[in-house]
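Structure at a glance
Take a look at the letters that make up each chain.
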Amino acid sequence: MGRKKDRNKGRERKIRIDLRRNRAERTRDQGEWTRLLHAGDDRQEETESAENVRAKGELSRKRTIVLHDEQFAAGRVHRGLVVAMRGLIAEVDDGEQLWACTVRRLLRTRLIKERHPLAVGDDVRFAPGEEGRIVIDDRELPEGVIEEAAPRRTTLLREYGRRLHVVAANVDQAVIVMAADMPPLRPHLIDRYLVAAQMGNMQPVVCVNKADLDAGGAAAAVVDRYARLGYPSLLTSVVEPRGLDRLQELLTDRMSVLFGPSGAGKSSLLNALDPRLSLKVGTLSDLDRGRHTTTTARLLKWAFGGYVVDTPGLRQFDVPNVAPAQLPGLFVELAELAGQCRFLDCSHRHEEACAVKEALEAGRISPERYESYCKMYEECAAKPKY
Ligand code: GDP
Ligand code: ZN
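About the criteria used
What you see as residue numbers is a count from 1 along each chain, following the sequence as written. The naming scheme follows written order: chains are lettered A onward, ligands numbered 1 onward. The predicted origin of the model limits local features to residues at a pLDDT of at least 70 and limits the giving and counting of side-chain atom pairs to 80 or more, whereas totals for whole chains, interfaces and linings rest on all residues. Side-chain calculation: all heavy atoms of the structure are included, whereas hydrogens and water are not. For this analysis, a nonpolar core means a set of buried residues of the types Ala, Val, Leu, Ile, Met, Phe, Trp, Tyr and Cys, connected via side-chain atoms within 4.5 Å. Remark: exposure states derive from per-residue accessible area (1.4 Å probe, protein chains only) relative to the maximum for the residue type, with buried under 20%, exposed over 50%, and partly exposed in between. Put simply, DSSP H or I for four residues or longer makes a helix, DSSP E for two residues or longer makes a strand, and each gets a number counted from the N terminus. Boundaries between domains were set according to an automatic or database domain assignment. As a rule, N, O and S atoms within 2.8 Å of a metal are its donors, except that Na, K and Ca use 3.2 Å; water is not among the atoms, so sites may look incomplete. By the criteria applied here, four donors are tetrahedral when all angles lie between 85 and 135 degrees, four are square planar and six octahedral when opposite donors are over 155 degrees apart and every other angle lies between 65 and 115, and any other arrangement is irregular. If a single non-hydrogen atom of a residue is within 4 Å of a molecule or strand, that residue counts as near it. Here a polar contact is taken to be a pair of N or O atoms separated by no more than 3.5 Å, where protein atoms must pair a possible hydrogen donor with a possible acceptor and residues adjacent in sequence count only if both atoms sit in side chains. Using a 1.4 Å probe, the Shrake-Rupley method yields the accessible areas, and only the shown protein chains count as cover for residues. Here the nonpolar group is Ala, Val, Leu, Ile, Met, Phe, Trp, Tyr, Cys and Pro; Asp, Glu, Lys and Arg are the charged ones; every other residue, Gly included, is treated as polar. Salt bridges are defined by distance alone: a side-chain nitrogen of Lys or Arg within 4 Å of a carboxyl oxygen of Asp or Glu.

Regarding the nonpolar core
Counting residues in each nonpolar core, the largest one holds 40 residues, and the members touching the most others are L156, V171, I190, V208, V257 and L299. Ranked by residue count, the leading element in this core is helix α6 (residues 187-199), at five residues. Taken domain by domain, this core gets at least three of its residues from each of domain 1 (70-149) and domain 2 (155-310). By size, the runner-up hydrophobic cluster in this structure holds 20 residues, among which are L334, I365, Y377 and C380.

Structure below.
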């Protein structure tokens, strides 16, 4: 990567990074990370065969663990969260300050093999680099070298055509933000986001914003519907204001992502909950929305504890590849009736003696939710598998 020398002599290690050159070359989409990792490696590693990499990896692993232990013993290993990716440089927050981290070659090689590029939200261990400091966007950050990335609890994926792309790791919670009006409230969209959140093992929260525009109470009724299904659900307004304390409570000490159509009020909610965010340009990367032209995700840290994934590109997205047979398990009220239909593989659409349709007729399932289910079922069935 740029000009880099990595010589291991016991505890003596020299890394030289010409970041200015890297920056010019590597401000690209995260989806290209794996390819860039290859391209960014020095020539020797680039031309190694898979066998060579493995053989070398085994040798290096021992050496790295020794280094690791030494550093641990010396109190030099830090733990932190990747809050942004800048080409091959990861910005890492250790709870106290930001670091600009490169990735140790051994780890990089393994990540390439496992098709598991680092992403924002990754929980990493790193050691301070020898070089001192790295300048990113006029901010001078201490240099670190990432040694290890912890296994992920969740992976937030996004489809680009037929390719899946890791947007963020370890996101616990998906807050689905819809407007009560302007744009008009579309409960079907909530159902789509709910499916996506659950597919990604994230706890969904339903947040209907712009409560001040809910003159007829229709939005409140929708919030009630989702609350009755067991989802944390709330009505908020940035204007009144309303519901913000509850939202903050739900966000505290978790890593969340806000989903929802453009104009629902996600940015307004972010700023209302933590006015500091927009002031944090200096330390938390560019929150300057005017400059947000890429879909690169970043983590923002709440003043009250926890993180939120900021990713303009995710605001509207497709439901990930769901097999039709999986879908009933992702609609809680249908999942509850599993096994009660005559046919084990009942799709709850045309079959006889279907417990779901009986519940629908008896008014125990909302017709809108059932309609969402049928619509999504057809889409999933029509979608090519890959
Ligand atoms: P985003 O695209 O989801 O990030 O939405 P924005 O935060 O940019 O908000 C879109 C518009 O909705 C802006 O004009 C906001 O001022 C407005 N807005 C946000 N929250 C509220 C609210 O609670 N009530 C009303 N009436 N307008 C809101
Ligand atoms: Zn059925």
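Notes on the coordination of the zinc ion (ligand 2)
Within the first shell, the zinc ion (ligand 2) binds the protein through C341 (SG), C346 (SG), H348 (ND1) and C354 (SG), at distances of 2.1 to 2.4 Å. The site at the zinc ion (ligand 2) holds four donor atoms, and with the angles between them running 101 to 113 degrees, its shape is tetrahedral. Of note, the zinc ion (ligand 2) draws all its donor residues from one chain, in the sequence arrangement C-x4-C-x1-H-x5-C. Accessibility classification places C341 together with C346 in one group, the buried group.

Observations concerning the environment of R192
Structurally, R192 can be placed in helix α6. By relative accessible area, which is 17% here, R192 ends up buried. Each C-alpha atom, one on R192 and one on Y373, is 9.0 Å from the other, the two residues being 181 residues apart in sequence.

So, the site of ligand 1
Neighbouring ligand 1 are 15 residues, the closest being D212, V238, G263, S267 and S268. At a separation of 2.9 Å, an oxygen atom of ligand 1 approaches a polar side-chain atom of K210. The contact in question runs from an oxygen atom of ligand 1 to an N or O atom on the side chain of S268, over 2.6 Å. When the free accessible area of ligand 1 is taken as 580 Å², the share hidden by the protein chains comes to 69%. In terms of residue count, the dominant contributor to the shell around ligand 1 is helix α9 (residues 266-273) (three residues). Tallied by class, the residues present in the shell around ligand 1 amount to five nonpolar, seven polar and three charged.

Thoughts on the pattern of salt bridges
Should the charged atoms of two oppositely charged side chains come close, the side chains can pair. Taken as a whole, this structure holds 16 salt bridges when the rule is applied. Linking D123 and R79 is a salt bridge whose minimum nitrogen-to-oxygen distance equals 2.6 Å. Here D123, found in strand β6 (residues 123-136), pairs with R79, found in strand β3 (residues 78-86); they are 44 residues apart in sequence, far enough to count as distant. Assessed through its relative accessible area of 16%, D123 is described here as buried. Note that R276 and D274 form a salt bridge whose closest N and O atoms lie 3.9 Å from each other. In this structure R276 comes out as partly exposed when scored by relative accessible area, which is 40%.

Observations regarding helix α5 (residues 105-113)
Considered for burial, the residues of α5 that qualify are L106, L107, R108, T109, L111 and I112. Downstream of α5 by a residue or two, R115 has a phi angle that is positive, lying close to 50 degrees.

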